[in-house]
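The chain contents come next:
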Amino acid sequence: MPVLSIDAESDTDIPKSLCDELPLEIMEELEHTCPHPRSTIIAPAPFAEETTYECKAPHEKLTIAQACIGTPVDRPVRVYADGIFDLFHSGHARALMQAKNLFPNSYLLVGVCSDELTHKYKGFTVMNETERYEALRHCRYVDEIITDAPWTLTPEFLEKHKIDFVAHDDFPYSSAGSDDVYKHIKEAGMFVPTQRTEGISTSDIITRIVRDYDVYARRNLQRGYTAKELNVSFINEKKYRFQNQVDKMKEKVKNVEEKSKEFVYKVEEKSHDLIQKWEEKSREFIGNFLELFGPDGAWKQMFQERSGRMLQSLSPRDSPTGSPTRERSPSRSPSPTLSWMHNKSSPPSPKGASASISSMSEGDEDEK
């Protein structure tokens with residue numbers, strides 16, 4: 001057999017049949033061409049049928065201790081996780097995240113069982129196999145999808161995909177007449193356990209849907225689905241539609257009630273503001289009134305000032321001390337007007353007034 005010169009560029013072109021016939025020393029010189037984990041998440045994970053690689057280098061068996069320290073350095077550790085993945089949820093994603101992070105350099109292959117196997121061994125699914133494949137392809141932790149995965153892992157399948165370890169939760173999975181379908185994997189030292197996420201599972205989600213079936217049926221009837229599509233009888237359809245109408249009326253009544261409460265609240269708020277403003281204005285009015293008409297108010301002071309002015313105008317002022325005085329004759333009597341002002345109780349009679357005037361005239365004549 002001729003000696004072949006093998007380098008990194010030409011080893012991928014050697015056919016598998018020829019590679020199987022190569023001597024051991026040539027096989028040891030082959031480099032691994034296993035695909036590496038996705039470095040950027042810009043596209044869905046590829047299917048196993050789409051990967052055209054056929055690694056010619058020998059796939060040596062690893063121990064968990066070796067894988068944990070990052071060996072081998074020339075290829076990633078190939079970890080396999082399988083399942084049904086119906087109604088893909090956070091519990092599935094967390095299990096795949098754990099499988100991806102088991103070792104420093106891991107390449108995660110995810111096997112998804114077909115509808116035929118699933119319906120045979122587990123039961124009917126909500127999503128078909130194509131939908132389940134597509135859901136897994138868009139999980140960020142998945143590097144490759146293996147469709148129509150076997151229910152029980154065989155040595156041929158493990159060798160074909162060069163699987164180093166199998167990741168699954170540690171609970172015994174009894175199916176297909178076996179107490180634990182992963183028993184032989186555990187005995188071979190290829191099993192790595194992951195933790196289940198409590199409180200979430202496909203069965204739990206289906207249970208919620210079955211429990212609230214009427215609610216979802218009514219919702220989908222509102223959204224335009226027909227009774228035939230929902231597999232709802234004629235009587236149930238009418239019942240659901242009547243319940244929908246009742247719910248609409250309840251919602252309208254609730255909206256009217258809320259708006260009424262809001263209106264009443266606004267009226268009460270405005271009434272409170274009006275009362276508060278009225279109280280402020282009334283206090284201001286009372287204060288101004290008391291300030292004007294109170295015991296010490298401005299009106300009393302003004303009245304007192306005007307009364308004083310009137311008294312001053314009615315009563316004569318005293319003559320200055322330095323002014324000359326007239327000598328009065330002894331016969332001159334006081335003026336009847338002044339005598340009447342000093343003696344208000346007895347006003348002068350007309351006769352007395354005339355006599356006084358005549359006497360004043362005579363006195364004036366004497367002076368002249």
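Residues numbered from 1 in each chain as written. Predicted model: local features only at pLDDT ≥ 70, side-chain atom pairs only at ≥ 80, totals over all residues. Heavy atoms only, no water.

- As recorded in an unreviewed UniProt entry, the protein goes by the name choline-phosphate cytidylyltransferase, listed as coming from Xenopus laevis.
- Turning to the protein, the UniProt record has this under Sequence similarities (unreviewed entry): "Belongs to the cytidylyltransferase family."
- Of the protein, the UniProt comment under Function (unreviewed entry) reads exactly: "Catalyzes the key rate-limiting step in the CDP-choline pathway for phosphatidylcholine biosynthesis." (UniProt positions renumbered as here; feature names shortened; annotations may be inferred.)

With respect to the side chain of His-168
Consideration 1: You can see His-168 is positioned in strand β4 (residues 165-169).
Consideration 2: On the accessibility criterion, His-168 (13% relative accessible area) is buried.
Consideration 3: Polar contacts involving the side chain of His-168 include one to the side chain of Asp-169, which spans 3.4 Å.
Consideration 4: Those residues in contact with His-168, other than ones at most four positions away along the chain, are Asp-82, Tyr-173, Tyr-182, Phe-191, Val-192, Pro-193 and Thr-194. (Helix = DSSP H or I, 4+ residues; strand = E, 2+ residues; numbered from the N terminus. Buried < 20%, exposed > 50% of the residue type's maximum accessible area, 1.4 Å probe, protein only. Polar contact = N/O pair within 3.5 Å; in protein donor to acceptor, adjacent residues only side chain to side chain. Contact = heavy atoms within 4.5 Å.)

Some details on helix α6 (residues 129-137)
The periodicity of an α-helix, 3.6 residues per turn, causes residues three or four places apart in sequence to face the same way.
Consideration 1: Taken together, the buried positions of α6 are occupied by Arg-132, Tyr-133, Leu-136 and Arg-137. Taken end-on, α6 shows its buried residues confined to a sector of 140°, consistent with a single buried face.
Consideration 2: Buried residues belonging to α6 abut α4 (90-100), β2 (106-112), α5 (115-121) and β3 (144-147). (Arc of directions from axis to C-beta.)

A word on the sheet that holds β3
Consideration 1: Read across the sheet, 5 strands follow the order β3-β2-β1-β4-β5 without closing on themselves; strand pairing throughout is parallel. The outermost strands of the open sheet, each flanked by one partner alone, are β3 and β5 (191-194). This sheet shows a mean twist of 30° between the axes of neighbouring strands, independent of strand direction.
Consideration 2: Bridging between β4 and β5 involves 4 bridges; their strand directions are parallel. Within β5, the position partnered with Asp-169 by the bridge is Thr-194.
Consideration 3: Contacting β1 (77-83), β2, β4 and β5, α4 crosses the sheet at an angle of about 140° to β2.
Consideration 4: The strands touched by α6 are β2 and β3; relative to β2, the strand with the most contacts, the crossing angle is about 165°. (Pairing = 2+ DSSP bridges. Axes fitted to C-alpha atoms, helices over the stretch in contact; angles between N-to-C directions.)

Describing the layout of surface pockets
Consideration 1: Its boundaries defined by the atoms lining it, the largest pocket holds a volume of some 900 Å³.
Consideration 2: Along the walls of the largest pocket sit 36 residues, with Ile-84, His-92, Lys-122, His-168 and Arg-196 positioned nearest its centre.
Consideration 3: When residues of the lining of the largest pocket are traced back to their parent elements, those giving at least two are β1, α4, β4 and α9 (202-211).
Consideration 4: For the lining of the largest pocket, the element with the most residues is α4, which contributes 5 residues. (1 Å grid on protein atoms, 1.4 Å probe; cavity = no way out; pocket = protein on both sides within 12 Å on 5 of 7 lines; lining within 4 Å. Points joined across faces, edges and corners; volume = space filled by probe spheres on them.)

With respect to the packing of aromatic side chains
Consideration 1: Under the definition given, this model contains 5 aromatic pairs.
Consideration 2: Here Tyr-80 and Phe-157 contribute two aromatic rings whose centre-to-centre distance is 5.4 Å and whose plane-to-plane angle is 70°, an arrangement assigned as edge-to-face. A residue pair is termed long-range when its members are at least 10 positions apart, and Tyr-80 in strand β1 and Phe-157 in helix α7 (residues 155-160) qualify at 77 residues.
Consideration 3: For Tyr-80, a relative accessible area of 0% gives the class buried.
Consideration 4: Geometrically, the ring pair formed by Tyr-182 and Phe-191 is tilted, given 5.9 Å between the ring centres and 50° between the ring planes.
Consideration 5: Note on Phe-191: relative accessible area 10%, which makes it buried.
Consideration 6: Above the face of the Phe-191 ring, Lys-186 is positioned so that its terminal group lies 4.9 Å from the ring centre. (Phe/Tyr/Trp six-rings, centres within 6.5 Å; stacked < 30°, edge-to-face > 60°. Lys NZ or Arg CZ within 6 Å of the ring centre and 35° of its normal.)

Looking at the pairing of β3
Note on strand geometry: in a regular strand, side chains alternate between the two faces of the sheet.
Consideration 1: Side chains Glu-144 and Ile-146 project from β3 onto one buried face, and the interleaved Ile-145 and Thr-147 project onto a second face that is buried too.
Consideration 2: Here β2 runs beside β3; their pairing, made up of 4 bridges, is parallel. Looking at the pairing, Val-110 lines up with Ile-145 of β3.

Things to note about the environment of Asn-128
Consideration 1: Turning to its location among the elements, Asn-128 is positioned in the loop between α5 and α6.
Consideration 2: Sequence separation between Asn-128 and Ser-114 is 14 residues, and the spatial gap between their C-alpha atoms is 8.3 Å.
Consideration 3: Here the side chain of Asn-128 touches Glu-131 through a polar contact of 2.9 Å, landing on its backbone nitrogen.

Considering the confidence of the model for the protein
Consideration 1: With 76% of its residues at a pLDDT of 70 or more, the protein has an overall mean of 78.
Consideration 2: When the criterion is pLDDT under 50, residues 336-346 qualifies, and its contacts beyond four places in sequence or with other chains add up to 5 contacts.
Consideration 3: When the criterion is pLDDT under 50, residues 348-368 qualifies, and its contacts beyond four places in sequence or with other chains add up to 4 contacts. (pLDDT = per-residue confidence, 0-100.)

Description of the nonpolar core
Taken as a class, soluble globular proteins show a tendency for nonpolar side chains to be buried jointly.
Consideration 1: With 23 residues, the main nonpolar core has Leu-96, Leu-108, Val-110, Leu-136 and Val-142 as its most contacted residues.
Consideration 2: Of all the secondary structure elements, the ones that give two or more residues to this core are β1, α4, β2, α6 and β4.
Consideration 3: In contact with Leu-136, not counting residues within four places along its chain, are Phe-85, Phe-88, Leu-96, Val-110, Val-112, Val-142 and Ile-145.
Consideration 4: Core analysis: the next-biggest nonpolar cluster, separate from the first, contains 16 residues, Tyr-80, Ile-146, Tyr-182 and Ile-185 among them. (Core = buried A, V, L, I, M, F, W, Y, C linked by side-chain atoms within 4.5 Å.)

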